[in-house]
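# Examining the three-dimensional arrangement
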Amino acid sequence: MNKENNVIPADFVNYKTTFLMNKENIPKLFLFEHNTKAGVYGRICVTVGELRFFGFKERRGVIEQELIVKAGSVAISPPEYWHKVELMTEDTEFKVEFFAQQDSQIVKENLSERNE
């Protein structure tokens, strides 16, 4: 993943946000490799504690990057990028904001951030 993938383009808007997740309610999907569909960025926003973000070159592939994201910080996952998270503290809480191009069908129809 190169540096420009860590920036959400200016003409993209936040069209969907998850609930606040923690160790009690995190969907298992987030703990295993997953990605977003073409045209959708995910911004992982940590509000309490910290988590580890793992990025992969391909599904079930080699770890390409590993980031520690602390409360008040974010990590960006670009479209179609395989990744997973690991909660690092007992009290970690985070949400994911999804962004797509303002005039896209994804935004107009509030489509899923993942390929179905």
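Scroll up a little and you will see the structure.
Residues numbered from 1 in each chain as written. Predicted model: local features only at pLDDT ≥ 70, side-chain atom pairs only at ≥ 80, totals over all residues. Heavy atoms only, no water.

### Regarding the overall build of the protein
Where we set the bar: Strands are runs of DSSP state E lasting at least 2 residues, helices are runs of H or I lasting at least 4, and numbering of each runs from the N terminus. With C-alpha atoms as the basis for the radius of gyration, the globule rule is written as 2.2 Å multiplied by the number of residues raised to the power 0.38. Accessible area is worked out with a 1.4 Å probe on protein chains only. A residue is then buried under 20% of its type maximum, exposed over 50%, and partly exposed in between. Using the Shrake-Rupley algorithm and a 1.4 Å probe, accessible areas are obtained, with residue cover drawn only from the displayed protein chains. His is not counted, nor are the chain ends, whereas Lys and Arg count as positive and Asp and Glu as negative. Charged side chains are reduced to one point each, which is NZ for Lys, CZ for Arg, CG for Asp and CD for Glu.
Secondary structure assignment for the protein yields one helix and seven strands. When the elements of the protein are put in sequence order from the N terminus, they spell out β-β-β-β-β-β-β-α. Over its C-alpha trace the protein gives a radius of gyration of 14 Å, about what one expects of a compact globule, namely 13 Å for 116 residues. When the 116 residues of the protein are sorted by exposure, 38% land in the buried category. Total accessible area on the protein stands at roughly 6,500 Å², and carbon and sulfur atoms take up 49% of it. For the protein, the separation between the mean place of its 15 positive charges and that of its 18 negative charges on side chains is 2 Å.

### Observations regarding the packing of aromatic side chains
Cut-off, in case you're wondering: In this scheme Phe, Tyr and Trp rings, the latter by its six-membered ring, pair at centre separations within 6.5 Å, and the angle between planes marks the pair as stacked below 30 degrees, edge-to-face above 60, and tilted otherwise. By definition here, charges over rings are those cases where NZ of Lys or CZ of Arg is within 6 Å of the ring centre and within 35 degrees of the ring normal.
Counted under the stated rule, the structure contains two aromatic pairs. Ring plane angle 85 degrees and centroid distance 5.5 Å describe the contact between phenylalanine 12 and tyrosine 41, whose orientation is recorded as edge-to-face. One end of the pair, phenylalanine 12, is in strand 1 (residues 12–17); the other, tyrosine 41, is in strand 2 (residues 41–48), with 29 residues separating them in the sequence. Taking the ring centre of phenylalanine 54 as reference, the NZ or CZ of lysine 84 above it sits at 5.3 Å.

### Let's talk about the nonpolar core
The following threshold applies: Think of a nonpolar core as a cluster: buried Ala, Val, Leu, Ile, Met, Phe, Trp, Tyr and Cys residues, connected wherever their side-chain atoms sit within 4.5 Å.
One finds Ile44, Leu51, Phe53, Val85, Phe94 and Val96 to be the most contacted residues of the largest nonpolar core, which totals 18 residues. Elements with a contribution of two residues or more to this core: strand 2, strand 3 (50–56) and strand 7 (93–101). Core analysis: the next-biggest nonpolar cluster, separate from the first, contains five residues, Phe12, Tyr41, Ile76 and Phe99 among them.

### What about the environment of cysteine 45?
Rules: Whether two residues are in contact is decided by their heavy atoms, any of which lying within 4.5 Å being enough.
Counting through the fold element by element, cysteine 45 comes out in strand 2. For cysteine 45, a relative accessible area of 10% corresponds to the buried category. It is 8.7 Å that separates the C-alpha atoms of cysteine 45 and glutamate 93, two residues lying 48 residues apart in sequence. Setting aside anything within four residues of it in sequence, one finds cysteine 45 in contact with Ser73, Val74, Glu93, Phe94, Lys95 and Glu97.

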